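Coordinate inspection notes
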Amino acid sequence: MFGLYDSAFALLDWQILLMLAIGGLLIYLGIVKKMEPLLLVPIGFGVILVNLPLAGLMIYTPEGTVAPGGFGEVLEGETGVLNLLFHYGIASELIPLLIFLGVGAMIDFSPAIARPISFVFGAAAQFGVFVVFLIAYFSGLFNLGEAASVGIIGGSDGPPTVILTAALAPAILGPVTLVAYAYMALVPIIQPPIIRLLTSKKERSIYMKPQVRQVSNIEVVLFPIIVFVTAALLVPKSAPLVGMLMFGNLLRVSGVTKRLADAAGGVFIDVLTFLLGLTVGALMPAAIFLRTETLLIVSLAILAFILSTAGGLMMAKFVNLFLKEKINPLLGSAGVSAVPMAARVAQKEGQRANPRNFLLMHAMGPNMAGAIATSVVAGIFLGMIVLE
Amino acid sequence: MSVDYAEGLKIAGGGLGVTFLVLSSLAVVTWLVGFIVQKASARREKAVPAETGQTSDTAKTSKESAARG
C-alpha cells in the first residue's frame with residue numbers, strides 16, 4: 001500500500017545516519033567551501049548512495065569486500081551498477097591511469113626542465129611516505145600492503161595512491177582514497193606552520209630571479225620520452241603510471257596533437273573524475289568506514305604529509321650549503337605533489353617574508369617532480385611488496 | 001599481525017634510496033639534454049652568419065629584408 005512495502009526507514013540506524021551526514025558534509029565542503037569540489041561532491045554523493053538501505057547500487061559480501069560486478073551479475077540483479085564501475089574502473093586500475101593521462105596533458109614541465117635539481121626536492125618530499133610506512137607496519141595494525149597504501153598518501157597524488165591501494169590493500173581503498181583527495185584541500189592549512197617552524201624568516205626571504213632560463217621546444221618534447229624510458233628501466237612497475245602521465249604530456253607539447261591534448265585534459269578527465277569520485281564514495285558503507293582503522297589512516301596520512309613537507313624543506317636547506325646563488329628553501333616544500341596547492345603555499349609564504357619574491361613558477365618545478373616521484377614510489381612499493 | 005622488522009626496514013630504506021636514485025638520474029639526464037640542446041643551438045646560431053660571412057645581426061637584417069621582398 002502507498003508503495004511502502006519496500007520502505008527502508010526501518011533499516012536506518014545511527015551508523016547509517018552518521019554516514020549520510022558525512023556524505024552531506026563532503027558535498028557541503030565542496031559546494032559551499034569550494035574544497036576540491038570536483039572530487040568531494042561526487043564522493044559525498046557516492047557515500048549517500050551506498051549507505052541508503054536497500055538501494056542496492058553497490059553490493060558487499062558478508063566479509064565486507066565488494067561483491068563481483070560483471071555485466072552478467074548486474075543484468076541479473078545480483079549486484080549493483082557501482083560494483084561494475086568498481087571492478088572495471090578502479091580494481092582494474094583503468095580509471096586512475098586514464099586520469100593520469102589527462103593530468104599529463106594539463107601539466108607544463110618547463111619549470112622542472114629549467115631547474116633539474118627540482119627532481120631531488122621531489123625525491124626528498126617522499127621522506128614522509130617511507131617513514132609513515134614504517135610506523136604503520138611496525139604498529140602491527142597494518143600489513144605491508146596496507147602500510148604502503150597509508151604511507152603513499154603523504155605523496156599527495158591521487159592516482160598513484162588509488163592504484164597502489166587497489167593492488168595491495170583493496171579492503172582500505174575507500175578510506176585511503178577519501179583521505180588522499182580530501183586532505184589535499186587542507187594543504188594550505190597544514191603546510192604553513194611546518195614551513196615557519198623549519199625555516200627562518202631570512203631563509204624564506206631569499207630572493208630568486210623570476211626566470212631561470214628559456215626551455216627550448218626540443219627539450220620539452222624530449223622530456224616525456226626520456227623520463228618515461230628512464231623511470232621504466234629503473235623501476236619497471238612504475239611504467240603504467242609514469243607512462244600515462246608522460247604520454248598525456250607528449251600530446252600537449254608535441255604541437256601536432258592539440259585536439260587530443262585538449263580532449264584528454266578536458267571532458268575526458270572530467271568524466272573519469274566523477275566516475276572515480278562516485279565509486280570511491282560508494283566504497284564507504286558504514287560497516288567498513290566507521291572503524292578506528294579509518295581514524296588511524298587519517299592521522300597517519302597527516303603525519304606523512306608533514307614529514308614529506310619537512311623532507312623537502314630540509315633538502316633545499318642542505319642543497320643551499322653548496323650553492324653560490326642560494327635558492328629559497330620554500331621550493332623544497334613544494335616537492336609534495338599536491339599540484340598546484342603546494343606551489344601556491346610556497347609563493348604565499350615567500351611573498352609574506354619578502355614582498356619582492358615571486359616563487360610560483362620556481363615552485364612548480366619541484367611540484368611537477370613530486371608527481372613523477374610519487375608514481376615512482378608507487379612502482380617501488382608494487383615491486384618490493386609481494387602479498388601472500 | 002606478525003611484524004617482520006627486517007623486511008620493513010629493507011623496503012623503507014631501499015625504497016627511499018631507489019627513489020633518490022631514479023629522481024637524481026632524471027635530474028642528470030634532463031640537465032644533460034638541456035646542455036646538449038643549448039650547445040647545439042648556440043653552435044648553429046654561430047655557424048649561420050659564418051657561412052654567409054655576416055655577423056648574426058646583419059644576417060638577421062638581410063633575412064628580414066628578403067622576407068619583406
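Residues numbered from 1 in each chain as written. Chains lettered and ligands numbered in written order. Predicted model: local features only at pLDDT ≥ 70, side-chain atom pairs only at ≥ 80, totals over all residues. Heavy atoms only, no water.

Let us look at the overall build of chain A. Counting secondary structure elements, chain A contains 21 helices and zero strands. The C-alpha radius of gyration of chain A comes to 22 Å, within 12% of the 21 Å expected for a compact globule of 388 residues. For chain A, the spread of C-alpha atoms along the principal axes amounts to about 80 × 45 × 45 Å. Sequence-distant contacts in chain A: of pairs separated by 6 or more residues, those separated by 24 or more amount to 74%. Entry remark: accessible area of chain A is about 16,200 Å², with carbon and sulfur atoms responsible for 70%. Side-chain charges of chain A comprise 21 positive and 19 negative groups, with the mean position of each set lying 24 Å from the other. (Helix = DSSP H or I, 4+ residues; strand = E, 2+ residues; numbered from the N terminus. Rg over C-alpha atoms; globule rule 2.2 N^0.38 Å. Contact = heavy atoms within 4.5 Å. Areas by Shrake-Rupley, 256 points an atom, 1.4 Å probe, with all protein chains shown as cover. Lys, Arg positive; Asp, Glu negative; His and termini not counted. Charge placed at Lys NZ, Arg CZ, Asp CG, Glu CD.)

Before going further, it helps to examine empty space enclosed by the protein. If you walk through the whole model with that rule in mind, you get one cavity of 30 Å³ or more. The space that makes up the largest cavity amounts to roughly 60 Å³. In terms of lining, the largest cavity is formed by Ile-113, Glu-219, Leu-222, Phe-223, Ile-226 and Val-227 of chain A together with Thr-30, Val-33 and Gly-34 of chain B. Secondary-structure elements contributing two or more residues to the lining of the largest cavity are helix H14 (217-234) of chain A together with helix H1 (5-52) of chain B. (1 Å grid on protein atoms, 1.4 Å probe; cavity = no way out; pocket = protein on both sides within 12 Å on 5 of 7 lines; lining within 4 Å. Points joined across faces, edges and corners; volume = space filled by probe spheres on them.)

Residue and element names in this part refer to chain A. Each pocket or cavity is described by its volume, and for the largest pocket that value is around 770 Å³. Around the largest pocket sit 29 residues that line it, and Glu-36, Val-103, Met-106, Ile-269 and Val-339 are the ones nearest its centre. When contributions to the lining of the largest pocket are tallied by element, the ones reaching two or more residues are helix H2 (37-51), helix H5 (94-106), helix H10 (158-168), helix H16 (258-281), helix H20 (341-353) and helix H21 (360-384). Ranked by the residues each element gives to the lining of the largest pocket, the list is headed by H16, at six residues. Of the residues assigned to the lining of the largest pocket, the class counts are 20 nonpolar, five polar and four charged. (Nonpolar A, V, L, I, M, F, W, Y, C, P; charged D, E, K, R; others polar.)

The interface is formed by 29 residues belonging to chain B together with 41 residues belonging to chain A. Buried area between chain B and chain A, both sides added, is near 2,800 Å², and the carbon and sulfur share of it is 84%. Counting across the chain B and chain A interface gives zero salt bridges. At the boundary of chain B and chain A, one finds one residue pair in polar contact (both at pLDDT 80 or more). Looking at the side of chain B that touches chain A residue by residue, the class counts come to 17 nonpolar, nine polar and three charged. (Buried area = accessible area lost by both parts, 1.4 Å probe. Salt bridge = Lys/Arg side-chain N within 4 Å of Asp/Glu carboxyl O. Polar contact = N/O pair within 3.5 Å; in protein donor to acceptor, adjacent residues only side chain to side chain.)

What follows deals with the nonpolar core. Phe-109, Phe-119, Phe-133, Ile-372 and Phe-381 of chain A are the most contacted members of the largest nonpolar core, which has 92 residues in total. Sorting elements by how many residues they give to this core places H21 of chain A first, with 12 residues. Once residues within four sequence positions are removed from consideration, Ile-372 of chain A is found in contact with Phe-109, Phe-119, Phe-223, Val-227, Leu-245 and Met-246 of chain A together with Leu-26 of chain B. In terms of nonpolar packing, the next biggest core, distinct from the first, is built from 32 residues, Leu-49, Val-50, Phe-86 and Met-284 of chain A among them. (Core = buried A, V, L, I, M, F, W, Y, C linked by side-chain atoms within 4.5 Å. Buried < 20%, exposed > 50% of the residue type's maximum accessible area, 1.4 Å probe, protein only.)

Overall, the coordinates contain eight salt bridges over all chains when judged by the stated rule. The shortest N-O distance in the salt bridge between Glu-349 of chain A and Arg-196 of chain A comes to 2.9 Å. Taken together, the positions of Glu-349 of chain A in helix H20 and Arg-196 of chain A in helix H12 (residues 187-198) put the pair 153 residues apart, joining distant regions of the chain. Judged by its relative accessible area of 38%, Arg-196 of chain A falls in the partly exposed class. Taking the shortest distance from any N to any O, the salt bridge between Lys-10 of chain B and Glu-7 of chain B comes out at 3.6 Å. With Lys-10 of chain B and Glu-7 of chain B both in helix H1 and three residues apart, the pair spans about one turn of that helix. Residue classification places Glu-7 of chain B among the partly exposed residues on the basis of a relative accessible area of 22%.

Another aspect to go through is the packing of H20 of chain A against H21 of chain A. Residue and element names in this part refer to chain A. Two elements in contact, H20 and H21, have axes separated by 8 Å at closest approach and are oriented at 145°. Of the two possible hands of crossing, H20 and H21 adopt the one that is right-handed. On H21, the residues touching Ala-342, Ala-343, Arg-344, Ala-346 and Gln-347 of H20 are Leu-360, Ala-363, Met-364 and Asn-367. Among the residues forming the contact of H20 with H21, the class breakdown is six nonpolar, two polar and one charged. (Axes fitted to C-alpha atoms, helices over the stretch in contact; angles between N-to-C directions. Left-handed = near helix turned anticlockwise from the far one by under 90°.)

The next point concerns H16 of chain A. Note on helix geometry: an α-helix contains 3.6 residues per turn, so any two residues three or four positions apart are oriented the same way. Look at H16 of chain A: 33 Å from first C-alpha to last across 24 residues, which is about the 34 Å you get at 1.5 Å a residue. Taken as a whole, H16 of chain A carries its principal kink of about 40° at Ile-269 of chain A. (Expected span 1.5 Å × (residues − 1). Bend = angle between axes of the 7 residues up to and from the residue.)

What follows is about the packing of aromatic side chains. Aromatic rings in a pair are described by how distant their centres are and how their planes are angled relative to each other. All names here are of chain A. As enumerated under the stated definition, the model contains nine aromatic pairs over all chains in all. Here the aromatic rings of Phe-109 and Phe-223 are separated by 5.1 Å at their centres, their planes lie at 40°, and the arrangement is tilted. Remark: Phe-223 occurs in helix H14 and Phe-109 occurs in the loop between H5 and helix H6 (110-114); sequence separation between them is 114 residues. A single burial state applies to Phe-109 and to Phe-223, both of which are buried. The interplanar angle of 5° and the centroid separation of 6.3 Å between the aromatic rings of Phe-133 and Tyr-137 together place this pair among those described as stacked. Of this pair, Phe-133 and Tyr-137 both sit in helix H8 (residues 127-138), four residues apart, which is roughly one turn of that helix. Summarising the burial analysis for this pair, Phe-133 and Tyr-137 share the class buried. The ring of Tyr-207 carries Arg-356 above its face, with NZ or CZ at 4.0 Å from the centroid. (Phe/Tyr/Trp six-rings, centres within 6.5 Å; stacked < 30°, edge-to-face > 60°. Lys NZ or Arg CZ within 6 Å of the ring centre and 35° of its normal.)

What follows covers the environment of Val-129 of chain A. Residue and element names in this part refer to chain A. Tracing the backbone through its elements, the reader meets Val-129 in helix H8. What makes Val-129 buried here is its relative accessible area of 0%. Sequence spacing of Val-129 and Met-384 is 255 residues, and the spatial spacing of their C-alpha atoms is 15 Å. Residues in contact with Val-129, not counting those within four places in the same chain, are Gly-151, Ile-152, Gly-154, Gly-155, Ser-308, Val-377 and Phe-381.

Purely spatial values, then, with no claim about function.
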